[in-house]
Amino acid sequence: MTSHARGTFEIDLRPADPELAGRVGRFEFDKTFIGGIEGTSSGLMLSAGDPTNGEAGYVALEVVTGQVDEAVGSFALQQFGQMIDGTQKLLYEIVPGSGTGELKGISGTLELEVVDGLHRYDLEYLLHD
């Protein structure tokens, strides 16, 4: 049976040296999670395209460390984002095999909503034995 961990997070996103002669942007970030996830994450994002004209994409990996509901450990999240004609599409998935500690075997997806700068998440997850 799947469970849900809901809450908010704050993010510190920092530009880093670009890749591929400046054609790919590179960013590093840290998050602090509050709510169903209590912990932090660190990650790396690569982006390309022209976001000022509503056409862009990014990929990111981050490692979340802390507590999900009552289980303590870590896991990685993989992000895939696109902007087409100004409309955003975002997919977050837990990376298979990335869970450690009591989160070993975790799988699932994360839904994100950003309203007035507040990042709200809903992690739908399953812990496999």
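Before reading further, recall that the structure is shown in the block above.
What counts and how
Residues numbered from 1 in each chain as written. Predicted model: local features only at pLDDT ≥ 70, side-chain atom pairs only at ≥ 80, totals over all residues. Heavy atoms only, no water. Helix = DSSP H or I, 4+ residues; strand = E, 2+ residues; numbered from the N terminus. Rg over C-alpha atoms; globule rule 2.2 N^0.38 Å. Buried < 20%, exposed > 50% of the residue type's maximum accessible area, 1.4 Å probe, protein only. Contact = heavy atoms within 4.5 Å. 1 Å grid on protein atoms, 1.4 Å probe; cavity = no way out; pocket = protein on both sides within 12 Å on 5 of 7 lines; lining within 4 Å. Points joined across faces, edges and corners; volume = space filled by probe spheres on them. Nonpolar A, V, L, I, M, F, W, Y, C, P; charged D, E, K, R; others polar. Polar contact = N/O pair within 3.5 Å; in protein donor to acceptor, adjacent residues only side chain to side chain. Salt bridge = Lys/Arg side-chain N within 4 Å of Asp/Glu carboxyl O. Pairing = 2+ DSSP bridges.

## A closer look at the overall build of the protein
The helix and strand inventory of the protein stands at zero helices and nine strands. Going from N to C terminus, the protein has its helices and strands arranged as β-β-β-β-β-β-β-β-β. A compact globule built from 129 residues would reach a C-alpha radius of gyration of about 14 Å, and the protein, at 15 Å, matches this within 12%. In terms of principal-axis extent, the alpha carbons of the protein reach across some 45 × 30 × 20 Å. Of all 129 residues assigned to the protein, the portion counted as buried reaches 34%.

## Overview of the environment of Gly 81
Along the chain, Gly 81 falls in strand E5 (residues 71-84). The spacing of Gly 81 and Asp 17 is 64 residues in sequence and 20 Å in space, taken between C-alpha atoms. Once residues within four sequence positions are removed from consideration, Gly 81 is found in contact with Ala 56, Gly 57, Tyr 58, Lys 89 and Leu 90.

## Some details on the layout of surface pockets
Considering only enclosed or pocket space, the largest pocket measures out at about 660 Å³ in volume. Elements with a contribution of two residues or more to the lining of the largest pocket: strand E1 (3-19), strand E2 (24-35), strand E3 (37-50), strand E4 (55-68), E5, strand E6 (87-94) and strand E8 (106-115). Its residues assigned to classes, the lining of the largest pocket shows 15 nonpolar, eight polar and three charged.

## A short note on the side chain of Ser 98
Inspection of the secondary structure puts Ser 98 in the loop between E6 and strand E7 (100-101). Under the relative-accessibility criterion, Ser 98 is labelled buried at 18%. Reaching out from Ser 98, the side chain makes a polar contact with the backbone oxygen of Val 95 at a distance of 2.7 Å. The residues contacting Ser 98, other than those within four sequence positions of it, are Ser 74, Phe 75 and Ala 76.

## Concerning the pattern of salt bridges
For side chains bearing opposite charge, pairing can occur when the charged atoms are close. By the definition in use, this model includes five salt bridges. One salt bridge in this structure joins Glu 19 and Arg 26, with 3.1 Å as the shortest N-O distance. On the basis of relative accessible area, Glu 19 is assigned to the partly exposed category, the value being 31%. On the basis of relative accessible area, Arg 26 is assigned to the partly exposed category, the value being 24%. Measuring nitrogen to oxygen at the nearest pair gives 2.9 Å for the salt bridge that ties Lys 31 to Glu 62. Separated by 31 residues along the polypeptide, Lys 31 in strand E2 and Glu 62 in strand E4 bring together distant segments of the chain. The same class applies to Lys 31 and to Glu 62, which are both buried.

## Points about the pairing of E4
Each regular strand shows side chains that alternate between the opposite faces of the sheet. The sheet contact formed by E3 and E4 spans 14 bridges and is antiparallel. Across the sheet, the residue bridging to Asp 50 is Glu 55, located in E4. Following E3, the chain reverses through four residues before pairing antiparallel with E4; Gly 54 in that reversal takes a positive phi of roughly 80 degrees. Where E4 and E5 come together, 13 bridges link them in antiparallel fashion. By the bridge assignment, Gly 57 is partnered in E5 with Gln 82.

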